[in-house]
Amino acid sequence: MVMMARYGFPGFKRLAGAAVALAGFILPAFGQAEPPPAAPRPVIVWDVPAFNALPDDEQGRLARYGRSVIEATYAHIGPAVADPAARFAGNNLACANCHLQAGLKKFGLPLVAASADYPAYSSRSGAVSSLFDRVNQCLKRSMNGRPMGQDDRPMQAILAYLDVLATHIPPDAAIVGTGAGAIPELDRAADPVRGAVIYAGNCAECHRRDGLGVRRNEAQPDMGYAFPPLWGPDSFNDGAGTARLITLANFVHDNMPNGTSWVAPTLAPQDAWDVAAFVLSQKRPQLAGIDRDFPDLLLKPVDAAYPPFADGFPAEQHRYGPFAPIRAEIARLKQARGAIPNPNTP
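Predicted model, so just to flag it, every value in this text is computed and none were measured.

**Considering the packing of helix H3 (residues 58–71) against helix H8 (residues 153–165)**
Running from N to C, H3 and H8 cross one another at 100 degrees; their axes reach a closest spacing of 7 Å. Here H3 lies roughly perpendicular to H8, going by the angle between them. Of H8, the residues touching H3 (which contributes Glu 58, Gln 59, Leu 62, Ala 63, Tyr 65, Gly 66, Arg 67, Val 69 and Ile 70) are Arg 153, Pro 154, Gln 156, Ala 157, Ile 158, Ala 160, Tyr 161 and Val 164. Here the contact of H3 with H8 is built from residues that sort into 11 nonpolar, three polar and three charged.

**Points about the nonpolar core**
One finds Tyr 199, Leu 245, Val 252, Trp 273, Val 275 and Phe 323 to be the most contacted residues of the largest nonpolar core, which totals 40 residues. For this core, the element with the highest residue contribution is helix H12 (residues 269–280), accounting for eight residues. Those residues within four positions of Val 275 in sequence are excluded, and the remaining contacts are Gly 195, Ile 198, Tyr 199, Cys 203, Val 252 and Leu 267. Counting 29 residues, the second-largest nonpolar core is a separate cluster that includes Ala 63, Ala 89, Val 135 and Ala 157.

**Let's talk about the side chain of Arg 124**
Note on placement: Arg 124 falls in the loop between strand E2 (120–122) and strand E3 (127–129). Contact partners of Arg 124, with chain neighbours within four places excluded, come to Arg 134, Gln 137, Arg 141, Gly 239, Asp 293, Phe 294 and Pro 295.

**Here we look at the packing of aromatic side chains**
Evaluation of the coordinates by the stated rule reveals five aromatic pairs. When the ring of Phe 51 is compared with that of Tyr 161, the centres are 5.0 Å apart and the planes differ by 40 degrees; the resulting orientation is tilted. Taken together, the residues span a long stretch of sequence, with Phe 51 in the loop between strand E1 (41–43) and H3 and Tyr 161 in helix H8 at a distance of 110 residues. For Phe 51, a relative accessible area of 6% gives the class buried. Exposure remark for Tyr 161: the relative accessible area of 1% places this residue in the buried category. On the basis of an interplanar angle of 50 degrees and a centroid distance of 5.3 Å, the ring pair of Tyr 199 and Phe 278 is categorised as tilted. Pair noted here: Tyr 199 is in helix H9 (residues 192–202) and Phe 278 is in helix H12, with a separation of 79 residues, a long-range link. Residue class for Phe 278 comes out buried when judged on its relative accessible area of 13%. Chaining the aromatic ring pairs together yields one cluster made of Tyr 199, Trp 231 and Phe 278. Taking the ring centre of Trp 46 as reference, the NZ or CZ of Lys 106 above it sits at 5.5 Å.

Rules used throughout
- For every chain, the first residue of the written sequence is number 1, and numbering continues from 1 onward in sequence order.
- It should be noted that, the model being predicted, local features are given only for residues of pLDDT at least 70 and side-chain atom pairs only at 80 or more, the latter also being counted only at that level, while totals for whole chains, interfaces and linings use all residues.
- Side-chain metrics in this entry use all non-hydrogen atoms of the structure; hydrogen atoms and water are not considered.
- The axes used here are C-alpha line fits, helices contributing only the stretch in contact, and every angle between their N-to-C directions lies in the interval 0 to 180 degrees.
- Helix numbers and strand numbers start at the N terminus; a helix is a DSSP run of H or I with at least 4 residues, a strand a run of E with at least 2.
- Roughly parallel means an angle under 35 degrees; roughly antiparallel means over 145; roughly perpendicular covers 65 to 115; every other angle is labelled oblique.
- The contact rule is simple, with two residues in contact once any of their heavy atoms fall within 4.5 Å.
- For this scheme, ten residues count as nonpolar: Ala, Val, Leu, Ile, Met, Phe, Trp, Tyr, Cys and Pro. Four count as charged, namely Asp, Glu, Lys and Arg, and the remainder, Gly too, count as polar.
- In this description, a nonpolar core means a group of buried Ala, Val, Leu, Ile, Met, Phe, Trp, Tyr and Cys residues linked to one another through side-chain atoms lying within 4.5 Å.
- With a 1.4 Å probe rolled over the protein chains alone, any residue whose accessible area is under 20% of its type maximum counts as buried; one over 50% counts as exposed, and the rest are partly exposed.
- Any two of the Phe, Tyr and Trp rings considered here, Trp counted by its six-membered ring, make a pair once their centres fall within 6.5 Å; the pair's planes then place it as stacked at under 30 degrees, edge-to-face at over 60, or tilted in between.
- Comment: the charge-over-ring label is applied if NZ (Lys) or CZ (Arg) is within 6 Å of the ring centre and within 35 degrees of the ring normal.

The structure is reproduced here in structure tokens:
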């Protein structure tokens, strides 16, 4: 049961309150009451179609091309590809560097349910986002690049790939294995100095001591990395999801060193927090206009470490924690004020 709670197996929602109780008492006299909405159905085994068995038609070829764009983004839309108009990514990473196994690994930031999950409200933009919008946010942030148009073939291919992944995922379902997991948080700030020692012993062999990764071919950047950079000019920028400590610490715990599974993690939770703090203490590209994110500052994640903030805690605590005091203050502010507008949002 602890494992189920730790990794987000959904439970059933309980209805409470006098209004609900009263409705249940009165409505039977006039007819049958509407049943409460069902809880999302957990999808434990992912039934993903075999891509090599897709028809050899335009849609099948497009989906397979989309898989290639996810796995080798640098070769299709990277900054070193031959056609300047196709250079949508600003670094030589691959989508699959974060969405492991091309989005098919549990707790490896999977993409299996992405097509079923969107459209969805985005607290970062303050509006409903389509899957097209979400892919472009990844391009802008994780790939440090620029958005694609809906008619650009790589975008159509990515969306086709994601549609195929979600073929057997009902819109009302909740996949088990989503995100990066949920290890216990620390009751102290994560320690980048301690994390440097953990990095040297567990990460530097692949990602190098300078964190700049290992290219497949130094003379051909469009061949990408055997091991991606974790910081520096060719890494994700400070607006990416993995630039937030909670996301990165969980990802590291459940997936790193490479080959690790959430079933048998290599690092202890406190080591994952500290090594993630070390990685995020290093320099990386800056995203312009990041201060306009989250029109309602009370919906801003506690580990989004860039201002403005509504809670009075410094950027350092938003970066490294502890996060419980921040959450408590945000809860108090929500109760008292409901919302706090971001002064930088148009």
